[in-house]
Amino acid sequence: MILVTGGTGFLGSHLLYRLVSAGHMVKAMKRKNSGTYLTEKIFSYYTKNVPALLERIEWVEGDLLDIYSLLDAFEGVDYLYHTAAVVSLDTGDDRLLLETNVQGTANVVQAALERNVRKMCYASTIGALGYEEDHKLIDEETPWDTSTKKSVYSVSKYEAEREVWRGMAEGLQAVIVNPGVILGPGDWNHGSPRLFFTVYNGLKFYPRGTNGFVGVDDVVTAIIRLMESDVTEERFTVVAENLSYRQLFDWIAEAMNVPAPKYKLGKWLGEIGWRVAEAAALLTGKQPVINRDAVRSSDRFYAYSSKKLLETIDIEMMPVKKSVKITAKLFLEDMGK
Ligand SMILES: NC(=O)c1ccc[n+]([C@@H]2O[C@H](COP(=O)([O-])OP(=O)(O)OC[C@H]3O[C@@H](n4cnc5c(N)ncnc54)[C@H](OP(=O)(O)O)[C@@H]3O)[C@@H](O)[C@H]2O)c1
């Protein structure tokens, strides 16, 4: 039996679709009060026959912070895809990030060991890789560097990976993937799909930095192929292309036929901007429009190599411009355009 944690989220839903459409019966874990609306929505991007495929999912209740619920959920599970996490760059979420991502993953590893899960795949992030100066390519071997200012989200994912490595030392078969920013249809108000909404809404500034990007289908292919292979005790960068934010935003704007952000967000303007936004948020009680970790990480020049992945599994990654076009078309349809 296969189990997916985070099945109500963006990546987890795309993964669930691929697994059930390949004929698998799958258990998907969700918290008691979470809805499955996004999963249904994401399935509808692929098929008209959503109900028939949803029938192949058995929803089981579980919370990363409740190890007993994980022990119950993992009963009879052979293959475990762990995608659940708090994904946020909001400074107000610091505590939740560390608790859920680090302690939650420690609990997942512990329950997987106790339930004799045969293999686990952990969805980490490029943020949990090291940093190279001077535009050098970052890969699985780049050392983690505590001197560079990492977001709390990145630190939480790095620490979570250490929990997975601990599990491997105790006999768990596992593989870790480190995807770049994932592009694809999802909740347009949350996580990486929100980039499309932000550009559509008339974003004026683009950050100076570069990052690694990848389409959601490629991430799903990578994790399923790695899970189905003999590969274990390895981590893999999953990035289709390294791009400037300016290029990415230009492509998104072009695909949606809206103006692209025109002004470069310089370092100092960004530093002032997040402080003003956080002060305004304190007064209004709303989420800040930009925040420290998002501003700082998008001001950096990151570039990644997926050589190891390409040499290990059979995968041809989609050019980012094509992923952008496909996603933008679905976004516009959802907006009634
Ligand atoms: N999106 C990206 O660009 C990107 C890039 C690289 C790596 N990743 C990684 O990919 C994974 C999935 O990201 P995503 O973008 O799909 O995030 P997402 O849409 O926010 O989904 C997160 C999932 O985690 C679940 N979750 C959160 N706290 C939980 C808890 N305490 N117990 C059980 N489930 C909990 C959420 O369930 P609820 O419905 O109950 O909230 C949701 O299903 C994450 O590990 C993330 O670090 C994402």
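Residues numbered from 1 in each chain as written. Predicted model: local features only at pLDDT ≥ 70, side-chain atom pairs only at ≥ 80, totals over all residues.

Caption draft 1: Highlighting the site of the ligand. Near the ligand you find 27 residues, and of these Gly9, Phe10, Ser34, Ala85 and Ser192 are the closest. The set of elements that each furnish at least two residues to the shell around the ligand consists of α1 (10–21), α5 (94–114) and β7 (181–183). Top element by residues in the shell around the ligand is α1. It accounts for 3 residues. When its residues are assigned to classes, the shell around the ligand shows 12 nonpolar, 11 polar and 4 charged. (Near = placed C-beta within 6 Å. Helix = DSSP H or I, 4+ residues; strand = E, 2+ residues; numbered from the N terminus. Nonpolar A, V, L, I, M, F, W, Y, C, P; charged D, E, K, R; others polar.)

Caption draft 2: Examining the pairing of strand β1 (residues 2–5) more closely. Bridge analysis of β1 against strand β2 (residues 26–30) gives 4 bridges, and the strand direction is parallel. Looking at the pairing, Thr5 lines up with Met29 of β2. As for the winding sense of the linkage, the β-α-β connection from β1 through α1 to β2 is right-handed. In terms of strand pairing, β1 meets strand β4 (residues 79–82) through 4 bridges, oriented parallel. Residue pairing for β4: Thr5 is matched across the bridge by His82. (Pairing = 2+ DSSP bridges. Right-handed = clockwise from strand over helix to strand, strands pointing away.)

Caption draft 3: Spotlight on the pairing of strand β9 (residues 210–215). Counting buried positions along β9 gives 6 out of 6 residues, so the element sits mostly inside the fold. Residue alternation in β9 divides its side chains into two sets, Thr210, Gly212 and Val214 and Asn211, Phe213 and Gly215, and both sets are buried. Sheet analysis places β7 next to β9, joined by 3 bridges and oriented parallel. If you follow Ile182 over to β9, its bridge partner there is Val214. The pairing of β9 with strand β11 (residues 241–244) spans 4 bridges and is classified as antiparallel. (Buried ≥ 20, exposed ≤ 12 C-beta atoms within 10 Å, placed from the backbone.)

Caption draft 4: Structural context of α5. Here α5 is 21 residues long and its end C-alpha atoms lie 29 Å apart, about the 30 Å a rise of 1.5 Å per residue gives. Along α5, the positions that sit buried rather than exposed are Leu97, Thr100, Asn101, Val102, Gly104, Thr105, Asn107, Val108, Val109, Ala111 and Ala112. Those residues of α5 that are buried lie in contact with β1, α4 (67–73), β4, β5 (119–123) and α6 (152–169). At the exit of α5 stands Asn116, carrying a positive phi of roughly 50 degrees. (Expected span 1.5 Å × (residues − 1). Contact = placed C-beta atoms within 7 Å.)

Caption draft 5: Quick peek at the nonpolar core. Counting 91 residues, the largest nonpolar core has Ile223 and Ile252 as its most contacted members. The contacts of Ile223, once residues within four sequence positions are left out, are Leu15, Tyr81, Cys121, Ala123 and Val177. (Core = buried A, V, L, I, M, F, W, Y, C linked by C-beta atoms within 7 Å.)

Caption draft 6: Broad picture of helix α2 (residues 37–46). If you check which residues of α2 are buried, you get Thr39, Ile42 and Phe43. Mapping the buried residues of α2 onto a view down its axis gives an arc of 105 degrees, with all of them on the same face. If you follow the buried residues of α2, they end up packed against α1 and α3 (50–54). (Arc of directions from axis to C-beta.)

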